[in-house]
Amino acid sequence: MKREISKKPGSFMLDTRFIGDELKALGFDFYSGVPCSFLKYLINYAINHCQYIAAANEGDAVAVCAGAYLGGRKSVVLMQNSGLTNATSPLASLNPIYNIPVLGFVSLRGQAGVKDEPQHELMGKITEETLTLLDIPHARLSKDRETALTQLKRANQYIEDRKSFFFVVEKDTFEPHELLEIKSLKTEQPLPSRRAVLEALVENSQKDWVLLATTGYTGRELAEVADRENHLYMVGSMGCVSSLGLGLSYSRKDIKCLAIDGDGSLLMRMGSLATNAYYRPKNLLHILLDNGCHESTGSQFTVSSNLDFARIAEGSGYANVKSVSNLPALIEEMKIWDKNPELTFLYMKIQPGVAGKLSRPGTRPKDVAQRLMKFLGT
Ligand SMILES: Cc1ncc(C[n+]2csc(CCOP(=O)(O)OP(=O)(O)O)c2C)c(N)n1
């Protein structure tokens, strides 16, 4: 039976189930990746109908796929083009030298002529060039089903010949395909929302503290709660917020700095915990808001439900580690840190969810940085 492609006037989209099933028929039933909203439905298909490994970062995802290939599986790696930079190490020095191919789907955020955010502008221009430099054959995935089918078969031939192949995926390529099961964090008490936590952080911070917020909804929501000169919203460079905080607090002992992290973000660069703890700036308060998912890109689960971030921070050597479950406890810990500063990790589970569509920070990243430097008297 032929499935219909959606026919919005002037636009085609691919039936995600159809593409996933065709890939499966070609033998691709093992996936790993880090989410991007452009690939959300293909990820949902992989989670629903195949084996999907939610990797901490895109480089790990490539390596997971390479391992699966050694184990006899044809594997697919899914990533945002911002994550292609994370993946270049194994793509350059694992797959080609061992003749281990991987089929990739990389989103094209920042495509020329398509409105997008500043953090995607450069990668939008160089995604295909990067693949070319990595010596990986690639093609834009067609939104026309028959053409896409021919492309999949061609890509499969590359994999059969033990050569990697990547599809570059434009916005609105895949039709909706919903997750069958949404995993959520299990708790006895109701959890606070990210918004409530951010409001509490803003209200209970001293005027001279600096607030840094991680990539995705956290930064966007902080900017909605209050757009201030002492705030910095990390829009790209996922996972780097506490390292930014380390550099700032280490170089400026006269200020206090809050780094507000997410579980997906911290997982992406968990090694930063060890570095932060080794240098242990007293004036850094690292707060992890754990909602168990990559909410910003479609609420795909992270592996956070299986791990104890507080113990990992403790084991890394953080001077002070606390888990809090409600806003009064959070505020109390902020006061303690203010009075007796020492490198602190505050862990808090939060409820996924935003009230309505979040806006994007109205101030451009370079202006955010400039006004923060002015605030710091730099
Ligand atoms: C290197 C890289 N890979 C993927 C993304 C896409 N991305 C943006 S935000 C986000 C999820 C962040 O998850 P988490 O830190 O748990 O915060 P939440 O979205 O749940 O608020 C992802 C995957 C990105 N920006 N950069």
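Note: the structure precedes this text.
Residues numbered from 1 in each chain as written. Predicted model: local features only at pLDDT ≥ 70, side-chain atom pairs only at ≥ 80, totals over all residues. Heavy atoms only, no water.

J.: Which residues make up the site of the ligand, and what values do they have?
T.: Not every one of the 22 residues close to the ligand is listed here, only the nearest: Glu58, Gly264, Ser265, Cys293 and Ser296. Within the contact set of the ligand, an oxygen atom lies 2.7 Å away from a backbone nitrogen or oxygen of Cys293. Taking Glu295, its main chain carries an N or O atom lying 2.9 Å from an oxygen atom of the ligand. Calculation on the ligand without its partners gives an accessible area of 590 Å², and the protein chains cover 95% of this total. By residue number, the principal contributor to the shell around the ligand is helix α11 (residues 263–268), which donates four residues. The residue inventory of the shell around the ligand, partitioned by class, reads four nonpolar, 14 polar and four charged. (Near = heavy atom within 4 Å. Polar contact = N/O pair within 3.5 Å; in protein donor to acceptor, adjacent residues only side chain to side chain. Areas by Shrake-Rupley, 256 points an atom, 1.4 Å probe, with all protein chains shown as cover. Helix = DSSP H or I, 4+ residues; strand = E, 2+ residues; numbered from the N terminus. Nonpolar A, V, L, I, M, F, W, Y, C, P; charged D, E, K, R; others polar.)

J.: Talk me through a nonpolar patch on the surface; I want residue IDs and the actual numbers.
T.: A cluster of nonpolar side chains, namely Tyr250, Tyr278 and Tyr279, defines an oily patch on the protein surface of about 380 Å² accessible area. Within the secondary structure, Tyr278 is located in helix α12 (residues 271–279). Taking the relative accessible area as the measure of exposure, Tyr278 reaches 64% and is therefore exposed. (Patch = residues over 30% accessible without salt bridge, like charges linked within 9 Å, V, L, I, M, F, W, Y side chains within 5 Å. Salt bridge = Lys/Arg side-chain N within 4 Å of Asp/Glu carboxyl O. Buried < 20%, exposed > 50% of the residue type's maximum accessible area, 1.4 Å probe, protein only.)

J.: Residue-level account of the nonpolar core, with values.
T.: Residues Leu201, Leu258, Leu289, Tyr318, Leu330 and Phe345 are the most contacted members of the largest nonpolar core, which totals 51 residues. Not counting chain neighbours up to four residues away, the residues in contact with Leu258 comprise Leu201, Ser205, Trp209, Val210, Leu211, Leu212, Leu285, Ile287, Met334 and Trp337. (Core = buried A, V, L, I, M, F, W, Y, C linked by side-chain atoms within 4.5 Å. Contact = heavy atoms within 4.5 Å.)

J.: Describe unusual backbone geometry, naming the residues involved and giving the relevant values.
T.: Residues other than glycine seldom take positive phi values, yet Arg162 does so here, at roughly 65 degrees. Judged by its relative accessible area of 41%, Arg162 falls in the partly exposed class. The phi dihedral of Arg280 is positive, around 25 degrees, even though this residue is not glycine.

J.: Can you break down the sheet that holds strand β3 (residues 28–33) residue by residue, with the values?
T.: Reading across from one edge, β4-β3-β5-β6-β8-β7 is the order of the six strands in this open sheet, with parallel pairing throughout. Taken across any chain shown, the strands that pair with only one partner, and hence form the sheet edges, are β4 (51–54) and β7 (138–140). Sheet twist, expressed as the mean angle between neighbouring strand axes with direction ignored, is 20 degrees. The pairing of β7 with strand β8 (residues 165–169) spans three bridges and is parallel. The residue bridging Arg140 from the neighbouring strand is Val168, located in β8. Helix α3 (residues 58–70) contacts β3, β4 and β5 (74–79) of the sheet and is inclined by roughly 175 degrees relative to β5. Against the sheet, helix α7 (residues 145–160) contacts β3, β5, β6 (103–107), β7 and β8, and its axis sits at roughly 150 degrees relative to β8. (Pairing = 2+ DSSP bridges. Axes fitted to C-alpha atoms, helices over the stretch in contact; angles between N-to-C directions.)

J.: Describe the sheet that holds strand β9 (residues 209–213), with residues and values.
T.: Here we have six strands laid out as an open sheet, ordered β10-β9-β11-β12-β16-β15, and parallel in their pairing. Two strands in the sheet have a free side with no partner beyond their single neighbour: β10 (231–233) and β15 (320–324). In this sheet, neighbouring strand axes are inclined to one another by 15 degrees on average, regardless of whether the strands run parallel or antiparallel. Sheet topology places β9 next to β10; three bridges connect them, and they run parallel. Bridge pairing in β10 places Leu211 opposite His231. Across the sheet, helix α15 (residues 365–375) is in contact with β9 and β10; its angle to β10 comes to roughly 155 degrees.

J.: Could you give an account of the pattern of salt bridges, with specific residues and numbers?
T.: Under the defined criterion, the tally for this structure stands at 20 salt bridges. Measuring nitrogen to oxygen at the nearest pair gives 2.8 Å for the salt bridge that ties Arg140 to Glu170. Here Glu170 lies in the loop between β8 and α8 (194–204) and Arg140 lies in strand β7, a separation of 30 residues in the sequence. By relative accessible area, which is 34% here, Arg140 ends up partly exposed. Close ionic contact of Glu224 with Arg195 constitutes a salt bridge, the shortest N to O distance being 2.4 Å. Of this pair, Glu224 sits in helix α9 (residues 217–225) while Arg195 sits in helix α8, and the two are 29 residues apart along the sequence. With a relative accessible area of 25%, Arg195 lands in the partly exposed category.

J.: Break down empty space enclosed by the protein for me, with residues and values.
T.: Summed over all chains, the structure comprises two cavities of 30 Å³ or more. The space that makes up the largest cavity amounts to roughly 40 Å³. If you go around the largest cavity, the residues you meet are Asn320, Glu333, Ile336, Trp337, Asn340, Glu342 and Thr344. For the lining of the largest cavity, a count of residues per class yields two nonpolar, three polar and two charged. (1 Å grid on protein atoms, 1.4 Å probe; cavity = no way out; pocket = protein on both sides within 12 Å on 5 of 7 lines; lining within 4 Å. Points joined across faces, edges and corners; volume = space filled by probe spheres on them.)

J.: Report on the layout of surface pockets, specifying residues and quantitative values.
T.: Roughly 1,000 Å³ of internal volume is contained in the largest pocket. Residue lining of the largest pocket: 50 residues in total, with Gln80, Thr215, Gly216, Val235 and Thr297 positioned closest to the centre. Elements that contribute at least two residues to the lining of the largest pocket include exactly α4 (81–93), α9, β11 (256–262), α11 and β13 (293–294). Of the residues belonging to the lining of the largest pocket, the class tally is 16 nonpolar, 23 polar and eleven charged. Of the pockets and cavities examined, the second largest pocket occupies roughly 460 Å³.

J.: Mind laying out the pairing of strand β12 (residues 284–290), listing which residues take part and the relevant values?
T.: Counting buried positions along β12 yields seven of seven residues, so the element is predominantly enclosed. Residue alternation in β12 divides its side chains into two sets, Leu284, His286, Leu288 and Asp290 and Leu285, Ile287 and Leu289, and both sets are buried. The pairing of β12 with strand β16 (residues 344–349) spans six bridges and is parallel. When the bridges of β16 are listed, Ile287 appears paired with Leu346.

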